[in-house]
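Residue-level structural notes
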Amino acid sequence: MDLERILNLNQFEEYARKQMEPYAFSYYYGGAGDEITMRRNLDAWKQFSLRPRVFVDISAVDISTSMLGTRVEMPVGFAPTALHKFAHPDGELASARATAEAGALICLSTLSTYSIEEVARSSSGPRWFQLYVHKDRALAIELVQRAVANGYSGIVVTADLPVPGYREREFAHDLTVPEDAKPANFPNTASEEEFNDYLDHLHDRSLTWDDLTWIREAAGDVPVIVKGILTGEDAVLASEHGVDGIIVSNHGGRQLDRSPAPIEVLEEIVQAAAGNCEVFLDGGVRRGVDVVTALAFGAKGVFVGRPFLYALAAAGQEGVGRALHLLREEIVNAMTLLGATRPGEVVRSHIRYA
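Here the structure is a predicted model, which means the values were calculated and not measured.

Attention shifts here to the state of the cysteines. Applying the stated rule across the entire model yields 0 disulfides. Not engaged in a disulfide, the cysteine Cys107 finds its nearest cysteine sulfur in Cys277; these two sulfurs lie 16 Å apart. With a relative accessible area of 2%, Cys107 lands in the buried category. Take Cys277: its relative accessible area is 10%, and that puts it in the buried class.

For helix α11 (residues 262-273), every residue scored as buried is listed here: Pro262, Ile263, Val265, Leu266, Ile269 and Ala273. Looking straight down α11, one finds that the buried residues subtend no more than 145° of arc, so they occupy a single side. Downstream of α11 by a residue or two, Ala274 has a phi angle that is positive, lying close to 55°.

Attention shifts here to the pattern of salt bridges. With the rule as written, the count across this model stands at 15 salt bridges. The partner of Glu117 in a salt bridge is Arg146, with the nearest N and O atoms 2.8 Å apart. With Glu117 in helix α5 (residues 116-122) and Arg146 in helix α6 (residues 137-149), this residue pair connects regions lying 29 residues apart in the sequence. In this structure, Asp211 and Arg137 form a salt bridge, with 2.8 Å as the shortest nitrogen-oxygen distance. Here Asp211, found in the loop between α8 (195-202) and α9 (212-219), pairs with Arg137, found in helix α6; they are 74 residues apart in sequence, far enough to count as distant. Residue classification places Asp211 among the buried positions, given a relative accessible area of 11%. Through salt bridges with shared partners, a single ionic network connects Glu117, Glu142 and Arg146.

Right, let's talk about the environment of Val285 for a bit. Secondary-structure assignment places Val285 in the loop between β10 (278-282) and α12 (288-296). Sequence separation between Val285 and Ile225 is 60 residues, and the spatial gap between their C-alpha atoms is 20 Å.

Note on placement: Ile63 falls in the loop between β1 (48-50) and β2 (65-67). Look at Ile63 and you get buried, because its relative accessible area is 1%. Once you skip the residues sitting within four places of it in the chain, Ile63 turns out to touch Glu73, Met74, Pro75, Arg328, Ile331, Val332, Met335 and Pro343.

Conventions adopted
- Residues numbered from 1 in each chain as written.
- Predicted model: local features only at pLDDT ≥ 70, side-chain atom pairs only at ≥ 80, totals over all residues.
- Heavy atoms only, no water.
- Disulfide = S-S within 2.5 Å.
- Buried < 20%, exposed > 50% of the residue type's maximum accessible area, 1.4 Å probe, protein only.
- Helix = DSSP H or I, 4+ residues; strand = E, 2+ residues; numbered from the N terminus.
- Arc of directions from axis to C-beta.
- Salt bridge = Lys/Arg side-chain N within 4 Å of Asp/Glu carboxyl O.
- Contact = heavy atoms within 4.5 Å.

Okay, structure coming up:
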């Protein structure tokens, strides 16, 4: 395909739909329930407008930054998403190589189709590891220790999936995972049972805030981030329990339908965190103006899921690279026109409710 003809992240979806098996595309695309929250993630950005400042010296715009001490060339990461081989045979290897070339961060899922070690060997780029805490706590500790030993500079604990959401698109396809796309990080596979049943049997429903203690001990000096916070109350608890970062997220609208879009509650959570931990966002990011909107509300960076998966399906590593390039160009353009030369210069006064 001619990647130069793709001009924004939204355009990858059509190509992915044509390339992927229907069950695989439905797994990536679908949300929970009536998919109200999934749509809201996209629509919520329209509530805000940007307030550009003029006669600012914008001759040198630099969008590089740090995300919990990890230096990155742009305030964007590839969100932790499962089963990249559903999109392309090179799976997470292609995703990691593309993000490394762009100087962006990738967060590897527990349910990756290439292992922690394989992804680390494939790329020296910045990377975090996302943890689903399993009923076998020893396995969870082992996963964290493997990630730390292989140079992952953040451990992201997903908090919002004690059970899978009610995902009718997956039910319709009776989603099972082919042998060549099974999770690679632990010996038990999901290839012989419906995938949501597999997740439900594996995940620990008894997880509480106190469990962050042993997760932090397993991580050592590596920062621990909690993903899936949508309320100021939980942001305060996260801070009180010593987390280093929060990802404001509703799991792409795949968990509790009618929950808020992350951008709607970002400012509340930044204020509740009170500078005690860095705050990030995922959910509905499609444009550079979305990224700068999140920065204005206090996010240190954003994560992108579906569009990067669609880019992977469309053209493998080159597709993800193209998606990152497009988003980078949009961020630079938006910051230039906003009158900000560094991510830290994008502040609350640059944003208003439309």
